[in-house]
Amino acid sequence: MSDDISQRVVGDLIEGGIDFVTTVPCKQLAGVIDELDKSDQIHHVPSNKEDEGMGLCAGAFMGGKTPCIIMQNTALGVTINTLATLIQFYQIPLPMLISFRGELGEPVACQVEMAIHTKPLLQQLGIPTFHFHKREDVEELPEILKYTQMCSKPTAILTDATFWRGVR
Amino acid sequence: MNRSEVFKSIVPVITDELVICNIGLPSQELHMLDDQPTNFYMLGTMGLCSSIGLGLAMAQREKVVAIDGDGSILTNFGTLPTIANNVVDNFVLLIIDNGSYGSTGDQPTYTGKKTSLAKVAQACGCDNVIECKAEETADVLKAALEGDKMTIIVCKCESGNIPVPNITIPPVVIRDRFMTEVEKRNR
Ligand SMILES: Cc1ncc(C[n+]2csc(CCOP(=O)(O)OP(=O)(O)O)c2C)c(N)n1
Ligand SMILES: [Mg+2]
């Protein structure tokens, strides 16, 4: 499943100091999750629900780790309370690498329903949001990771199908 | 014995430990009885106490006690398989099972009826699960902390609450003083 872009993303996470990652899978993220499991520099803990994962990240952060959560945009709804009352309230830096399902190239109609709400929800929550659409957008990842630590906020990196497929 | 009395009995055992404490009256009771930088009070986010505790235990060496409630475990049941499959021997999860959503007025939960949290934890794969009476909690917790094994304790106690003041410490202060303590102990 692994490919260049997944290797690049995980390499940037490691370079950016990320050493604790929790995931709930998405087809688009399968390559990244494969790469995570190959790395001995990242402690990967699969979680059963994304808000649970954010709890793990908050604990890991307080224990001195630099966490990141990898999830699908359809999970945004179940994390809103956690983002507001844990991650934002206690000022915990948390990059969220999110597969942005329901954008161009999406084969599954149902995914479009949450895609429509994704950016408005993030905006409503005041979460700095970055959208990776073209392959070269990945170049911003190291800076986004620094920015997240600098401001001690959750940040969202939305990665759509065109990004994962590469420029055609 | 209700939750507040259980807290009173365990304070001597946990006063010097890193504690993640459940939202609502549990945090308020602990704060009233024994406020410490080593206590992380949850002011919101019902359900994530055990997850925060596990994340903290995985990230550093010191022992961690997460003091959770039955209602909160029920709302984040996914936590039990994650705990079972990511064993860290510096983690003790104490579930104060008063059979109710105490903080919101003691509405009954299903653990006061047919559901056994200890059996659920075992079914999820947790290895050291101990169900105890409220009166035994301090001793069981002390033994768990002395042993070097991840342990889940389900303390069966009565429901009922006493009036307690709100926590007014700003969340960032709670977090910062807690992290300072964690860092100091891991040096
Ligand atoms: C998402 C969400 N739903 C409901 C509440 C209200 N609430 C706060 S504490 C609590 C009860 C928690 O019960 P339990 O974990 O058993 O702890 P107890 O108060 O009984 O010790 C509830 C329902 C909340 N804070 N967040
Ligand atoms: Mg309860």
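Residues numbered from 1 in each chain as written. Chains lettered and ligands numbered in written order. Predicted model: local features only at pLDDT ≥ 70, side-chain atom pairs only at ≥ 80, totals over all residues. Heavy atoms only, no water.

Focus on the coordination of the magnesium ion (ligand 2)
Residues and elements named next belong to chain B. At 2.1 Å from the magnesium ion (ligand 2) lie its protein donor atoms, namely D70 (OD), N98 (OD1) and S100 (O). Taken in chain order, the donor set of the magnesium ion (ligand 2) reads D-x27-N-x1-S. Placement of the pair is D70 in helix 4 (residues 70–75) and S100 in strand 5 (residues 100–101), with a sequence separation of 30 residues. No difference in accessibility class separates D70 from S100, as the two residues are buried. (Donors = N, O, S within 2.8 Å, 3.2 Å for Na, K, Ca; no water. Helix = DSSP H or I, 4+ residues; strand = E, 2+ residues; numbered from the N terminus. Buried < 20%, exposed > 50% of the residue type's maximum accessible area, 1.4 Å probe, protein only.)

Thoughts on the packing of helix 1 (residues 3–14) of chain B against helix 2 (residues 25–34) of chain B
Residues and elements named next belong to chain B. Direction vectors running N to C along helix 1 and helix 2 enclose 50°, while the axes themselves pass 10 Å from each other. Relative to helix 2, the element helix 1 lies oblique. Judged by the sense of rotation from one axis to the other, the crossing of helix 1 with helix 2 is right-handed. Together, R3, S4, F7, K8, V11 and I14 of helix 1 and L25, P26, E29, L30, L33 and D34 of helix 2 make up the contact between the two elements. Classifying every residue of the contact of helix 1 with helix 2 gives 7 nonpolar, 1 polar and 4 charged. (Axes fitted to C-alpha atoms, helices over the stretch in contact; angles between N-to-C directions. Parallel < 35°, antiparallel > 145°, perpendicular 65-115°, else oblique. Left-handed = near helix turned anticlockwise from the far one by under 90°. Contact = heavy atoms within 4.5 Å. Nonpolar A, V, L, I, M, F, W, Y, C, P; charged D, E, K, R; others polar.)

As for the pairing of strand 3 (residues 67–72) of chain A
Side chains on a regular strand alternate between the two faces of the sheet. Residue and element names in this part refer to chain A. In terms of residue burial, strand 3 counts as a mostly covered element, since 6 of its 6 residues are buried. Going residue by residue along strand 3, you find P67, I69 and M71 tucked away on one face and C68, I70 and Q72 tucked away on the opposite face as well. Alignment of strand 1 (residues 20–23) against strand 3, held across 4 bridges, turns out to be parallel. The partner of F20 across the bridge, within strand 3, is P67. Of the strand pairs in this sheet, strand 3 and strand 4 (residues 94–100) are connected by 4 bridges, and their pairing is parallel. (Pairing = 2+ DSSP bridges.)

As for the state of the cysteines
Residue and element names in this part refer to chain A. This structure, assessed with the given rule, holds 0 disulfides over all chains. With no disulfide of its own, C68 lies closest to C57 among cysteine sulfurs, the gap being 7.3 Å. Here C110 is not cross-linked by a disulfide; its sulfur's nearest cysteine counterpart is in C26, at 13 Å. (Disulfide = S-S within 2.5 Å.)

Details of the confidence of the model for chain B
Averaged over every residue, the pLDDT of chain B is 98; residues scoring 70 or more account for 100%. Across the assembled chains, the prediction reports ipTM 0.98 with pTM 0.98. (pLDDT = per-residue confidence, 0-100.)

Comments concerning the site of ligand 1
Residues and elements named next belong to chain B. What surrounds ligand 1 is a group of 15 residues, the closest being R3, D70, S72, G102 and S103. Taking S72, its side chain carries an N or O atom lying 2.6 Å from an oxygen atom of ligand 1. Contact distances for ligand 1 include 3.0 Å between an oxygen atom and a side-chain N or O atom of N98. Judged by the fraction of its atoms near the pocket grid, ligand 1 is located in the largest pocket. (Near = heavy atom within 4 Å. Polar contact = N/O pair within 3.5 Å; in protein donor to acceptor, adjacent residues only side chain to side chain. 1 Å grid on protein atoms, 1.4 Å probe; cavity = no way out; pocket = protein on both sides within 12 Å on 5 of 7 lines; lining within 4 Å. Sits in = over half its atoms within 2 Å of the grid points.)

Considerations on the sheet that holds strand 4 (residues 91–97) of chain B
All names here are of chain B. Strands sit in the order 2-1-3-4-8-7 across an open sheet of 6 strands; the sheet is parallel. Each edge of the open sheet is held by one strand with a lone partner, namely strand 2 (39–41) and strand 7 (129–133). Across the sheet, the mean angle separating the axes of adjacent strands is 20° when strand polarity is ignored. Across 4 bridges, the pairing between strand 1 (residues 18–21) and strand 3 (residues 64–69) is parallel. Across the sheet, C21 pairs through a bridge with I67, a residue of strand 3.

A look at the nonpolar core
If you look at the biggest cluster of nonpolar residues, it comprises 90 residues, and the most contacted ones within it are M96 of chain A together with I20, F91 and L141 of chain B. Excluding residues that lie within four positions of it along the chain, F91 of chain B makes contacts with S50, G53, L54, A57, V64, A66, I83, K149, M150 and T151 of chain B. Membership of the second largest hydrophobic core comes to 24 residues, among which are V9, L29, L97 and I157 of chain A. (Core = buried A, V, L, I, M, F, W, Y, C linked by side-chain atoms within 4.5 Å.)

Some thoughts on the layout of surface pockets
All names here are of chain B. Of the pockets and cavities examined, the largest pocket occupies roughly 260 Å³. In terms of lining, the largest pocket is formed by 19 residues, of which the most central are N22, I23, S72, G102 and S103. The set of elements that each furnish at least two residues to the lining of the largest pocket consists of strand 3, helix 4 and strand 5. When grouped by side-chain class, the residues that make up the lining of the largest pocket number 6 nonpolar, 10 polar and 3 charged. (Points joined across faces, edges and corners; volume = space filled by probe spheres on them.)

Comments concerning a nonpolar patch on the surface
Judged by side-chain polarity, M32, L33 and I162 of chain B come together as a nonpolar surface patch covering roughly 220 Å² of accessible area. With respect to the helices, strands and loops of the structure, L33 of chain B is situated in helix 2. (Patch = residues over 30% accessible without salt bridge, like charges linked within 9 Å, V, L, I, M, F, W, Y side chains within 5 Å. Areas by Shrake-Rupley, 256 points an atom, 1.4 Å probe, with all protein chains shown as cover. Salt bridge = Lys/Arg side-chain N within 4 Å of Asp/Glu carboxyl O.)

Side note on the confidence of the model for chain A
The share of residues in chain A with pLDDT of 70 or more is 98%, and the mean pLDDT across the chain is 96. Within chain A, helix 7 (residues 161–165) of chain A has the poorest average pLDDT of any element, 95, and helix 3 (residues 50–62) of chain A the best, 99.

Let's talk about the interface of chain A and chain B
Facing the 25 residues of chain A at the interface are 29 residues of chain B. Counting each side, the surface lost to burial between chain A and chain B is near 2100 Å², with a carbon and sulfur contribution of 67%. On the chain A side of the contact with chain B, E52, M62 and Y90 of chain A bury the most area, a combined 35% of that side's loss. The tally of links between chain A and chain B comes to 0 salt bridges. Counting across the interface, chain A meets chain B through 8 residue pairs in polar contact (both at pLDDT 80 or more). Those elements giving two or more residues to the side of chain A that touches chain B turn out to be strand 2 (43–46), helix 3 and helix 4 (76–88) of chain A. At 9 residues, the largest contribution of residues to the side of chain A that touches chain B is made by helix 3 of chain A. Residues that form the side of chain A that touches chain B fall into these classes: 12 nonpolar, 10 polar and 3 charged. (Buried area = accessible area lost by both parts, 1.4 Å probe.)

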